[in-house]
Amino acid sequence: MGFSTLHLNANLLKALAEGNFTTPTPIQAQTIPAILQGKDAMACAQTGSGKTAAFVLPALHKILSGPSQKRGHGPRVLILTPTRELAQQITDTTRLFTKHARISSGVVIGGVSYGPQFRLLANPLDMLIATPGRLIDHLQERKVDFNRVEMLVLDEADRMLDMGFLKPVEKIIAALPAKPQILLFSATFSPEIEKVAARILQQPHRVQLAQTRQNHADITQHHYHVDNTEHKQAVLNHILKQPEVTQTIIFTATKRNADRLAETLEKKGFAAGALHGDMKQNARKRTLQALHNNQLKVLVATDVAARGIDVKNISHVVNYDLPNLPEDYTHRIGRTGRAGASGVAISLISPPDLPVLRDIEKRLGKPFVFQSIKGLESTFSEADFRKIIPTELPPGRPKQGGQRRGGGSNYSGGPRGNFSGQRSGRAPNHGKGAGFGGGNRSFGGGRPQAPRRSSTSR
Ligand code: AMP
């Protein structure tokens, strides 16, 4: 089935053909017709499924179908998205599709100055893409005119909830003079999302396709035990040197760790950069651009910053720190293996990660199979590793699951983050690795004691 069967505006179809968008993805095929009929929609779709076009195309079609019947100059379509990068990506997608159409669109995001946004909102606008926090600022300043809003899109609604945007989103909805057509896109249909949907959507058209992405059949997953920070760094260096590793996103748990690790990797000669929420918008944009242009080989990122990043050639994702939330594991590894390409996801797992490892395995429904790299084996045996019960959970990690955890290793190593040296058994052989992958390991070695952590570095 081609895009022409979706009865979209001819100028959009022309741009789609020029952009080599020939066939709608499943999420597009299953949502666009209902959206074009004016229905509310609730779609469970991950980044990488083509969800952006699933809402941008019908939104643009609606705008191109005729002038607004309402007075005012404000946006006719309002798209709320959790992060600045996602807002930028939606803008880029919109630009691509409006090559042959006259549509005015703009972005309102945090981390940049207000002046240009005031000017943007003072002029007639068809489509506004915004992060909720900054849009609320404009709302409070009475700088945004909602009178013409006929379609509202909530992109990555689950992440907006996670980031505490529920109140701002509800405030924005309450400020709309009439109920618009509402499209809710979310990576999961959690009970919280269902609750929000029940409140704001009217008889939505439901589409649930997430399973196909969550299985990640196109992504090979490797898991390695690491003894301590030094060992982790040695394994990482080895991985990054492999010829098949062309572009990598490395996830750390904290912004500080992202900066430090990027700096260390730079010093080791890898073209590396950090991406996290403390960076100015311009710096984030430059880093992402460098990644897109292949000037950066390694991006060291935190979860929030990397959410929704769409770079086609990421060959490897490395979990330098395991994610705080089990669902973020799925989001993270989905940064590779995009658009039909295959990818590899590597997790470096140290003893204090055991509780979160268990949560992830529970969510995935199967245990991780560990491998080893020749010359860089962990001194822990698999059985011993799994028997370890940390005497102290890392700070921020509640003893029972379900909530967001603080997490991550202290990258700098040293007394605070280094949990080595507490076991008896083989001497570590870190840094002398030869092979890569290695297959399932044979296990042995000394019996480890529970790792002890007193760090507050997470
Ligand atoms: P998204 O899930 O919106 O982040 O999209 C993931 C990637 O798929 C983006 O690079 C899109 O440009 C691309 N894409 C989306 N829809 C199609 C399509 N129908 N045909 C080819 N590529 C697509």
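The rules behind each value
Residues numbered from 1 in each chain as written. Predicted model: local features only at pLDDT ≥ 70, side-chain atom pairs only at ≥ 80, totals over all residues. Heavy atoms only, no water. Helix = DSSP H or I, 4+ residues; strand = E, 2+ residues; numbered from the N terminus. Buried < 20%, exposed > 50% of the residue type's maximum accessible area, 1.4 Å probe, protein only. Areas by Shrake-Rupley, 256 points an atom, 1.4 Å probe, with all protein chains shown as cover. Near = heavy atom within 4 Å. Nonpolar A, V, L, I, M, F, W, Y, C, P; charged D, E, K, R; others polar. Contact = heavy atoms within 4.5 Å. Axes fitted to C-alpha atoms, helices over the stretch in contact; angles between N-to-C directions. Parallel < 35°, antiparallel > 145°, perpendicular 65-115°, else oblique. Left-handed = near helix turned anticlockwise from the far one by under 90°. Pairing = 2+ DSSP bridges. pLDDT = per-residue confidence, 0-100. Phe/Tyr/Trp six-rings, centres within 6.5 Å; stacked < 30°, edge-to-face > 60°. Expected span 1.5 Å × (residues − 1).

Here the focus is the overall build of the chain. Within the chain, the regular secondary structure consists of 18 helices and 14 strands. Taken across its 458 residues, the chain has 57% of its residues classed as buried. When the accessible surface of the chain is summed, it comes to about 19,300 Å², and 50% of that surface belongs to carbon and sulfur atoms.

On to the site of the ligand. Close to the ligand lie 15 residues; Gln 28, Gly 48, Gly 50, Thr 52 and Asp 310 are nearest. Notes on the ligand: free accessible area 500 Å², of which the protein chains cover 79%. For the shell around the ligand, the class distribution of residues is three nonpolar, eight polar and four charged.

Our focus in this paragraph is the environment of Asp 158. As for its placement among the helices and strands, Asp 158 is situated in helix 7 (residues 157-162). Assessed through its relative accessible area of 8%, Asp 158 is described here as buried. Along the sequence, Asp 158 and Phe 185 sit 27 residues apart, while their C-alpha atoms lie 8.3 Å from each other. Look past the residues within four positions of Asp 158 in its chain and what remains in contact with it is Ser 186, Ala 187, Thr 188, Ile 193, Arg 307 and His 331.

To continue, consider the packing of helix 4 (residues 84-97) against helix 13 (residues 281-292). Helix 13 packs onto helix 4 with a crossing angle of 60 degrees between their chain directions and a minimal axis gap of 11 Å. Relative to helix 13, the element helix 4 lies oblique. The element helix 4 and its partner helix 13 pack so that their crossing is right-handed. In contact with Arg 84, Glu 85 and Gln 88 of helix 4, helix 13 contributes Gln 281, Arg 284, Lys 285 and Leu 288.

In this section: the environment of Pro 177. Tracing the backbone through its elements, the reader meets Pro 177 in the loop between helix 8 (166-174) and strand 6 (181-186). The class of Pro 177 is exposed, set by a relative accessible area of 54%. Sequence spacing of Pro 177 and Arg 148 is 29 residues, and the spatial spacing of their C-alpha atoms is 8.6 Å. Look past the residues within four positions of Pro 177 in its chain and what remains in contact with it is Phe 146 and Asn 147.

Notably, Arg 142 is not glycine yet its phi reads approximately 55 degrees, a positive angle. With respect to the helices, strands and loops of the structure, Arg 142 is situated in the loop between helix 6 (132-140) and strand 5 (151-154).

A word on the sheet that holds strand 9 (residues 248-251). Ordered in space as 10-11-9-12-13-8-14, the seven strands form an open sheet in which the pairing is parallel. Every other strand in the sheet has two partners, leaving strand 10 (272-275) and strand 14 (370-371) as the edge strands with one partner each.

Take the confidence of the model for the chain next. Mean pLDDT over the chain stands at 81; residues scoring 70 or higher make up 81%. Scored below 50 in pLDDT, residues 389-429 makes 119 contacts in the model with residues more than four places away or belonging to other chains.

Its place among the elements puts Ile 349 in strand 13 (residues 343-349). Looking at Ile 349, the relative accessible area reads 0%, which means it is buried. On a C-alpha basis, the gap between Ile 349 and Tyr 224 in space is 6.0 Å, while along the polypeptide they are 125 residues apart. Excluding its chain neighbours within four sequence positions, the residues that come into contact with Ile 349 are His 223, Tyr 224, His 225, Val 226, Leu 322, Leu 357, Phe 368, Phe 370 and Phe 385.

A few words now on the packing of helix 2 (residues 26-36) against helix 3 (residues 51-64). Packing of helix 2 against helix 3 brings their axes to within 9 Å, and their N-to-C directions diverge by 25 degrees. On the basis of the axis angle, helix 2 is roughly parallel to helix 3. By crossing handedness, the relation of helix 2 to helix 3 is classed as right-handed. Of the residues in helix 3, those touching helix 2 at Ile 27, Gln 28, Thr 31, Ile 32, Ile 35 and Leu 36 are Lys 51, Ala 53, Ala 54, Leu 57, Pro 58 and His 61. Looking at the contact of helix 2 with helix 3 residue by residue, the class counts come to eight nonpolar, three polar and one charged.

Applying the stated criterion across every chain yields a total of five aromatic pairs. Taken together, a centroid distance of 5.4 Å and an interplanar angle of 85 degrees make the contact between Phe 21 and Phe 97 edge-to-face. Here Phe 97 lies in helix 4 and Phe 21 lies in the loop between helix 1 (10-18) and helix 2, a separation of 76 residues in the sequence. With relative accessibility at 0%, the residue Phe 97 sits in the buried group. Members of the aromatic cluster, each reached through a chain of ring pairs, are Tyr 329, Phe 368 and Phe 370.

Attention now goes to the pairing of strand 11 (residues 298-301). Side-chain alternation along strand 11 places Val 298 and Val 300 on one buried face and Leu 299 and Ala 301 on a second face that is also buried. Where strand 9 and strand 11 come together, four bridges link them in parallel fashion. Among the inter-strand pairings, Phe 251 is bridged to a residue of strand 11, identified as Ala 301.

So, on to helix 3. Here helix 3 spans 20 Å end to end across 14 residues, near enough to the 20 Å set by a 1.5 Å rise per residue. Most of helix 3 sits inside the fold, with 12 of its 14 residues counted as buried. Those residues of helix 3 lying buried are Lys 51, Thr 52, Ala 53, Ala 54, Phe 55, Val 56, Leu 57, Pro 58, Ala 59, Leu 60, His 61 and Ile 63.

Ordered in space as 3-4-2-5-6-1-7, the seven strands form an open sheet in which the pairing is parallel. Both outer strands of the open sheet, strand 3 (105-108) and strand 7 (205-208), are each paired with one neighbouring strand and no more. Between one strand axis and the next, the sheet turns through 10 degrees on average, direction left out of account. Bridging between strand 3 and strand 4 (residues 127-130) involves four bridges; their strand directions are parallel. Each residue of the ladder has a partner; that of Val 107, found in strand 4, is Ile 129. Running over the sheet, helix 2 touches strand 1 (41-44), strand 5, strand 6 and strand 7 and is turned about 175 degrees from strand 7. In the packing of helix 3 onto the sheet, contacts are made with strand 2 (77-80), strand 4, strand 5 and strand 6, and the angle to strand 6 comes to roughly 165 degrees.

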